[in-house]
Amino acid sequence: MNVFSKVIVAWYKVNKRDLPWRESKDPYLIWISEIILQQTRVVQGYNYYLRFIERFPDIQTLADAEEEEVMKYWQGLGYYSRARNLHAAAISMNGRFPKTYPGVLALKGVGEYTAAAICSLAYNMPCAVVDGNVYRVLSRYFGIDLPIDSTEGKKYFASLADEMLDKQQPALYNQGIMDFGALQCTPQSPDCTSCPLSETCLGYATGRVAKLPVKKYKVKSRDRFLNYIYVRVGAYTFISKRTLNDIWQNLFEFPLIETATAVSEDEFLSLADFQAMLAPGEEPLIRCVCRNVKHVLSHQVIYANFYEVTLPEESVSFSRYQKIRVNELEQYAVSRLIHTFIEKYIS
Ligand code: SF4
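The structure presented is a predicted model; accordingly, all values stated were derived computationally and were not measured. (Residues numbered from 1 in each chain as written. Predicted model: local features only at pLDDT ≥ 70, side-chain atom pairs only at ≥ 80, totals over all residues. Heavy atoms only, no water.)

1. Here's the deal with the packing of helix α8 (residues 112-123) against helix α11 (residues 170-183)
And then number 1: Viewed as axis vectors pointing N to C, α8 and α11 meet at an angle of 130 degrees, and their least axial separation amounts to 8 Å. The angle between α8 and α11 places the two elements in the oblique class. Seen along the crossing, α8 lies across α11 with a hand that is left-handed. Here Y113, A116, S120 and L121 of α8 lie close against α11, whose contacting residues are P170, A171, N174, Q175 and M178.
And then number 2: Residues belonging to the contact of α8 with α11 are distributed by class as follows: six nonpolar, three polar and no charged. (Axes fitted to C-alpha atoms, helices over the stretch in contact; angles between N-to-C directions. Helix = DSSP H or I, 4+ residues; strand = E, 2+ residues; numbered from the N terminus. Parallel < 35°, antiparallel > 145°, perpendicular 65-115°, else oblique. Left-handed = near helix turned anticlockwise from the far one by under 90°. Contact = heavy atoms within 4.5 Å. Nonpolar A, V, L, I, M, F, W, Y, C, P; charged D, E, K, R; others polar.)

2. Things to note about the UniProt feature "domain: HhH-GPD" (unreviewed entry) in the chain
And then number 1: UniProt feature "domain: HhH-GPD" (unreviewed entry): in the numbering of this structure it lies at residues 36-183.
And then number 2: As annotated, residues 36-183 has a helix share of 66% and a strand share of 0%, and its two end C-alpha atoms lie 19 Å apart. (UniProt positions renumbered as here; feature names shortened; annotations may be inferred.)

3. A word on the pattern of salt bridges
And then number 1: For the structure shown, the criterion picks out nine salt bridges.
And then number 2: With a closest N to O distance of 3.0 Å, E253 and R242 form a salt bridge. Here R242 lies in the loop between β2 (236-241) and β3 (252-253) and E253 lies in strand β3, a separation of 11 residues in the sequence. The same class applies to E253 as to R242, namely buried. (Salt bridge = Lys/Arg side-chain N within 4 Å of Asp/Glu carboxyl O. Buried < 20%, exposed > 50% of the residue type's maximum accessible area, 1.4 Å probe, protein only.)

4. Here's the deal with the pairing of strand β6 (residues 300-310)
Within a regular strand, the side chains alternate between the two sheet faces.
And then number 1: Most of β6 sits inside the fold, with nine of its 11 residues counted as buried.
And then number 2: Inspection of the sheet shows strand β1 (residues 222-232) paired to β6 by 11 bridges, in the parallel sense. Of the residues in β6, the one forming a bridge with L226 is A304.
And then number 3: Pairing of strand β5 (residues 285-296) with β6 involves nine bridges; the strand directions are antiparallel. Within β6, the residue paired with R287 across the bridge is E308.
And then number 4: Between β5 and the antiparallel strand that follows it, β6, lie three residues. (Pairing = 2+ DSSP bridges.)

Below, the structure is given as structure tokens:
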């Protein structure tokens, strides 16, 4: 075994994080934890994981559930396609988790990283994981400035990761390098002075730690302006399900008008789309509850305004929306933006 891998495994044995999914070799539980942890911090994912596996302890329970219930358990984690894919993949398994790398990779929503993690952790297969932590540790330790998001870079790091993998104990090594990246060689403040690899780390020796890893492309982010309408008709309100191929697909929300730019309250009230939601001659009581609520997604920044529109009981406005009791809102899976609004202003 090379020095690098030896140090990583030794470091891991002393410093590993005690995480509930690490107690198990069950591929189902490892799969759930890996999907939850994509784009989610461990601290946040921890409770979601426990709640999720308590309700869906095995493949069949998940497969038998309604998609809406699965989404409800995912609510607040974001990237909802992950939950839809989990559910679809569970249905496709017919109660048996695949036992080969190609079989695991073929599951909906499972990419190379996740397949390698499941196969190495559950079956001890010699598959090297390559995630953000691994890119960072390898690029710094070996002083490599090939962009990690270029085809050449990806190929190079995949082969280097494979070369470094401790083939005798891939589960230990893979978890080791990921924890090492998360705790020791962190993105912003790596602890180089106490690092057991510092004497042989090229990035450290050449003063390039902060510059590594290198990325070629910057992800472009776009701004979106959402105006939500929380309607009150006695004890009722209106919602609808997002069906478009867009963020928050299949989640519920209040009636929405998206505008190309930010609009003032007066501009909003005179929008034709808003007027079209009202029955002719209707003059509701309108109040702006909050403006410019910023909600950051991976490639989009949402600026949301929330208006409360109060209507008389006999009103027929908003008739194309689903009418529900306000106290039933919590039964519907909604985005974190809507969830926060409900908690803050309605509950
Ligand atoms: S010395 Fe610093 S940069 Fe190098 S592996 Fe250790 S923590 Fe990372």
